Amino acid sequence: MNILTEKFNTPYHSAPFTSIKNEDYLPAFKELIQKSEEEINAIVNNPEAPTFENVIEALAYSGEQLDVVSNIFFNLNSAETSDEIQQIAQEVSPILTEYSSKISQNEALFSKIKKVYDEKEKYNLNGEQKMLLNETYKGFVRSGALLNEEDKEKLKKISMDLSLKSLQFGQNVLASTNAYFKHITQKEDMAGIPEAIIDQYAEEAKERNLEGWVVTLQYPSYIPFMTYAENRELRKELALANGKKSFDGGEFDNQNMIKELLSLKQQKAELLGYQDYADFVLEERMAKSPVKVFDFLNELLTKAKPYADKEIEELKLLAKADGIEDMQGYDHAFYAEKLRKQKFDLNDEELKPYFPLNQVQDAVFGLAGKLFGLTFEERNDIPKYHEEVKVYEVKENGTYKSLLYVDYFPRKGKRAGAWMTSYKNQYQQNGENSRPHISIVCNFSKPTKDTPSLLTFQEVTTLFHEFGHALHGMMANTQYPSLSGTSVKWDFVELPSQFLENFCYEPEFLKTFAKHYKTGEVLPDEKIEKIEQSKNFMEGYQTLRQIGFGLLDMNYHTKAGELEHETVKEFEDKYTKATTLYPTNPETAMSPSFSHIFQGGYSAGYYSYKWAEVLDADAFQYFKENGIFNPEIAAQYKVLLSSGGTKDPMELYKDFRGSEPKVESLLKRAFG
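Caption draft 1: View of unusual backbone geometry. The phi torsion at Asn209 lies on the positive side, around 60°, for a residue other than glycine. Within the secondary structure, Asn209 sits in the loop between α8 (195–207) and β2 (213–216). Notably, Lys288 is not glycine yet its phi reads approximately 75°, a positive angle. Positionally, Lys288 belongs in the loop between α12 (277–282) and α13 (290–321).

Caption draft 2: How the structure looks around helix α6 (residues 127–142). Along its 16 residues, α6 runs 22 Å from first to last C-alpha, staying within 8% of the 22 Å computed at 1.5 Å per residue. Within the sequence span of α6, burial applies to Glu128, Gln129, Met131, Leu132, Leu133, Thr136, Tyr137, Phe140 and Arg142. Looking at the buried residues of α6, the elements they touch are α2 (52–60), α4 (83–104), α5 (107–118) and α12.

Caption draft 3: Layout of the pattern of salt bridges. One pass over the structure, following the stated rule, counts 54 salt bridges. One salt bridge in this structure joins Lys35 and Glu6, with 3.6 Å as the shortest N-O distance. Taken together, the residues Lys35 in helix α1 (residues 22–44) and Glu6 in the segment before α1 connect sequence positions 29 residues apart. For Lys401, the salt bridge goes to Glu396, with nearest N and O atoms at 2.7 Å. Comparing Lys401 with Glu396, the two get one shared label, buried. Bridged by salt links that share partners, the residues Glu80, Glu388, Asp407, Arg411, Lys414 and Lys446 form one connected network.

Caption draft 4: Quick peek at the packing of helix α9 (residues 219–228) against helix α14 (residues 332–344). One way to put it is that α9 packs onto α14 with a least axis distance of 6 Å and a crossing angle of 65°. In this structure, α9 meets α14 at a crossing whose hand is right-handed. Packed against α9, whose contacting residues are Met226, Thr227 and Tyr228, the element α14 presents Ala333, Phe334 and Glu337 at the interface. Each residue belonging to the contact of α9 with α14 can be placed in one class, and the counts come to 4 nonpolar, 1 polar and 1 charged.

Parameters and conventions
Residues numbered from 1 in each chain as written. Predicted model: local features only at pLDDT ≥ 70, side-chain atom pairs only at ≥ 80, totals over all residues. Heavy atoms only, no water. Helix = DSSP H or I, 4+ residues; strand = E, 2+ residues; numbered from the N terminus. Expected span 1.5 Å × (residues − 1). Buried < 20%, exposed > 50% of the residue type's maximum accessible area, 1.4 Å probe, protein only. Contact = heavy atoms within 4.5 Å. Salt bridge = Lys/Arg side-chain N within 4 Å of Asp/Glu carboxyl O. Axes fitted to C-alpha atoms, helices over the stretch in contact; angles between N-to-C directions. Left-handed = near helix turned anticlockwise from the far one by under 90°. Nonpolar A, V, L, I, M, F, W, Y, C, P; charged D, E, K, R; others polar.

Next up, the structure:
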């Protein structure tokens, strides 16, 4: 018997990580696909007339165990992968794509769905049921249900190719990141770098059986080096290596992969009757159209550019004082840190002792308690996939609400960055509310033998960001799994995460947890004041950077045809020119490692970070006006979180706020 194919015999039916063997996956996927197909056949072959219950609802609850196993497998492929898991992923992806194409192109099933959809007025459906019906019908149409047989086959092949190539894209980036490290043997090359970071580099060297220090392209290693290292040549070398990730013509190069992915996306869009892939994607977003997104990004660009130019001029003056006439991108973090120290007498290293990871985690747990009545209790009897992972049982006012897995430190088998994900969705069926299993994955500096894991202030906001997503998942309280938690329009999904970051800048809240890990001293008022003042430091530059990514993404997905006679580098330079503040280097490009849009779900959607900033600035403004811990507003916000995708997001937002979000809230917060 395969452990993955039955309901798990673990607390809360949690993933039985310690009992799963890699060889269990492929047979489990095949068996569960077969089971799910049998469930679909039962819907199709039901002799009774199609109804909302026996078609739409039955479909919504089908394939539950397959979803759970898919979540386990693909989450591990991001957080704890291996050559073997990557190989299985290559085998499994086309099988799953074929399965989902088979369902979405099942004519008998679609005709039943269409019948229920066409007769929806005769059913007495509530709001969530109407949303499920509309989303189900639309999902089938957008998956090719109205196409002829020949085009259905074409679409099926395109979907399989896209699935495999996007997987390969991510594997190339991970391999390219891991392939490089800089071995440093001269102590003077460590000049400027804080002692705690130097210790981290020494530990990395020791792990590789080397003397001296090792810097890698993993963010907790790379970013501090670029921020503090006085050796400009070494900064240049590291930046060059980082900019060449999957862009060096080698084994892990992604340039052709980008062209192939975009060509496939364009073919898919045209086949389904859309002008381009962005047109296809945005139909299902709050923004609705590429024109609206371009207008939004260009309006922000016009407002932010003067601020960004002014910031860069300030940095250039600092660099000039060091004899640097031609400031480059690899100088930015170094001089930005210098200027920040000069302006606010504040640097990451002096703040870090006040932000040990355990205190920051306690603070975010406490905030969830204060706003929503949640408590977190560590469980040691729930299986986990790595010894560093911790599992918490989350309760709301004493009642079980969710499981939360936290995984904080970098490892070879873990991709860079930070993300929230889920192992199991929330839904209600047969009178039972099946609760979600949520996970937060980060890449913070590991504790050393002398110090706990100490976070930079940016890492503090990262943890709050991911926890905001986790709250969206944990608070879920919907009927159907496909409308639960973070299953919302993509440009709405960042609201809960970015909203929670705002609390990190509130003095009354900061004082409750920013305490020196050795002395217990509370972060002094003048430093808290400086954190507040520095909140918008380099905001123009950061805004332009995000707009640049957003515009590049939108242009890739509206003008893919141009890549037939242009290189990826030429295309990238052309469409980021308006937002580029430093000279570009012909040897580097960011597109070949732009995993958000070529591996993740942000294709034609990267703008949603800035879009959601408008939402979060406006939402937090509401809290600020009425008290940041206001219980009535927290209760209204909880309704927004728990509703998932059951309502149109703009309606949901207006229910909470009383009006549509105003872009002025963001501009006021960013530029005063």
